[in-house]
Amino acid sequence: MALPDPLACFDIDKNGKARSVDLDAKPLPESWRWTHFDLTEPDLENWLVTQVDPLIAAAVLAPETRPRVDAFGDGLIVTLRGVNLNPEADPEDMVSLRLWVTKARVISVRKRRLMALDALRQDAEKGTAPSTSSAFLTALVDGLSYRIENVALQFEEMVDALEESSLDAGANASKECLELRQSIIKLRRFVGPQREALDRLVTDTTIILHSNKSNHLRESANRTARTVEALDATRDRLAAIQEHLDAQTAMKLGRNSYVLSVMAAIFLPLGFLTGLFGVNVAGMPGVDANWAFAGLCIASVLIGAALYAAFRWRDWL
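This next bit is on the pairing of strand S5 (residues 75–82). Across the eight residues that make up S5, a large majority, eight, are buried. Because side chains alternate across S5, one face comprises the buried residues Gly75, Ile77, Thr79 and Arg81, and the other comprises Leu76, Val78, Leu80 and Gly82, equally buried. Joining the antiparallel neighbours strand S4 (residues 68–72) and S5 is a turn of two residues, in which glycine 73 adopts a positive phi near 65 degrees. Bridge count for S5 against strand S6 (residues 95–101) is seven bridges, and the pairing is antiparallel. From the neighbouring strand, isoleucine 77 faces S6, where its bridge partner is tryptophan 100.

Following this line, the structure appears as structure tokens:
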């Protein structure tokens, strides 16, 4: 059977010293192994079903995932999401990470590069890594939570700037508000379930996680919960800003419609007057007088001025 080509394969001893090894190498004594793969690796599925239960393999290789933590035998199926910090990518387009975690091994599978995991890989290449699989999982969760929190804070700063500029509402402000709301809703869609998954990871993993690691995970879970609350608050603020922008637009439209209505009311009698004198029938006064047209224009101006003064007096203008 052809072996898949891993992105990383390390044996890590109890002192946290990492050593790169071949995938088929025998594990070093008193160490745990981390193997990391790309989901598109063609031989990954055939190899994985020889290493773990088929149900675990199916969960790790699932094309669509949501954050979850489920105990299975002596290990954990963990699926988490991280913000997409790859070049020219939107952070809210979150990257899925699938893991199978036991005391003796961690198998991780990703489809796109994930910075939190890549940082652990770079440290391992330098010879340093978490000394246990539970410590590895704790460090990974902490890195994911930290980066999600930073992105949420960036969104908050953008909303602060948008609030300050919303007094000068325009098409650009409304468009920016809509784009921000879409980004936050998309991020919140996955961070919410991830908070629930981390809560379960803290409470239901006594087989794998030591108590001190659970405390670190609990802090990461609390950080994720705060991030969800911040995203909810930011989303509500954007809704209030959008309502304010809509109200300003409605006021402008109402004001313009009111002015047009007043102008129509002023010119309505003038239109009647000019229409009446425009009929081409016998007996119209001033038909033979040279001053008739000038007199009609002066009368129209006077009537228009009188109507305008009446509207101002009634506070209709």
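What follows is about the packing of aromatic side chains. Taken as a whole and assessed by the stated rule, the structure comprises five aromatic pairs. It is arginine 81 that lies over the ring of phenylalanine 190; its NZ or CZ is 4.0 Å from the centre.

For the structure shown, the criterion picks out 16 salt bridges. Measuring nitrogen to oxygen at the nearest pair gives 2.7 Å for the salt bridge that ties aspartate 11 to arginine 33. Here the residue aspartate 11 occupies a position in strand S1 (residues 8–13), and arginine 33 occupies one in strand S3 (residues 31–38), the gap between them amounting to 22 residues. Of the two residues, aspartate 11 and arginine 33, neither departs from the other in class, the shared state being buried. A salt bridge links arginine 237 to glutamate 163; the nearest nitrogen and oxygen atoms lie 2.8 Å apart. Remark: glutamate 163 occurs in helix H4 (residues 133–165) and arginine 237 occurs in helix H6 (residues 211–277); sequence separation between them is 74 residues. Of the residues examined, glutamate 163 reaches a relative accessible area of 34% and is grouped as partly exposed. Salt bridges sharing common partners tie together Arg113, Asp118, Arg121 and Glu125.

Calculation rules
- Residues numbered from 1 in each chain as written.
- Predicted model: local features only at pLDDT ≥ 70, side-chain atom pairs only at ≥ 80, totals over all residues.
- Heavy atoms only, no water.
- Buried < 20%, exposed > 50% of the residue type's maximum accessible area, 1.4 Å probe, protein only.
- Helix = DSSP H or I, 4+ residues; strand = E, 2+ residues; numbered from the N terminus.
- Pairing = 2+ DSSP bridges.
- Phe/Tyr/Trp six-rings, centres within 6.5 Å; stacked < 30°, edge-to-face > 60°.
- Lys NZ or Arg CZ within 6 Å of the ring centre and 35° of its normal.
- Salt bridge = Lys/Arg side-chain N within 4 Å of Asp/Glu carboxyl O.

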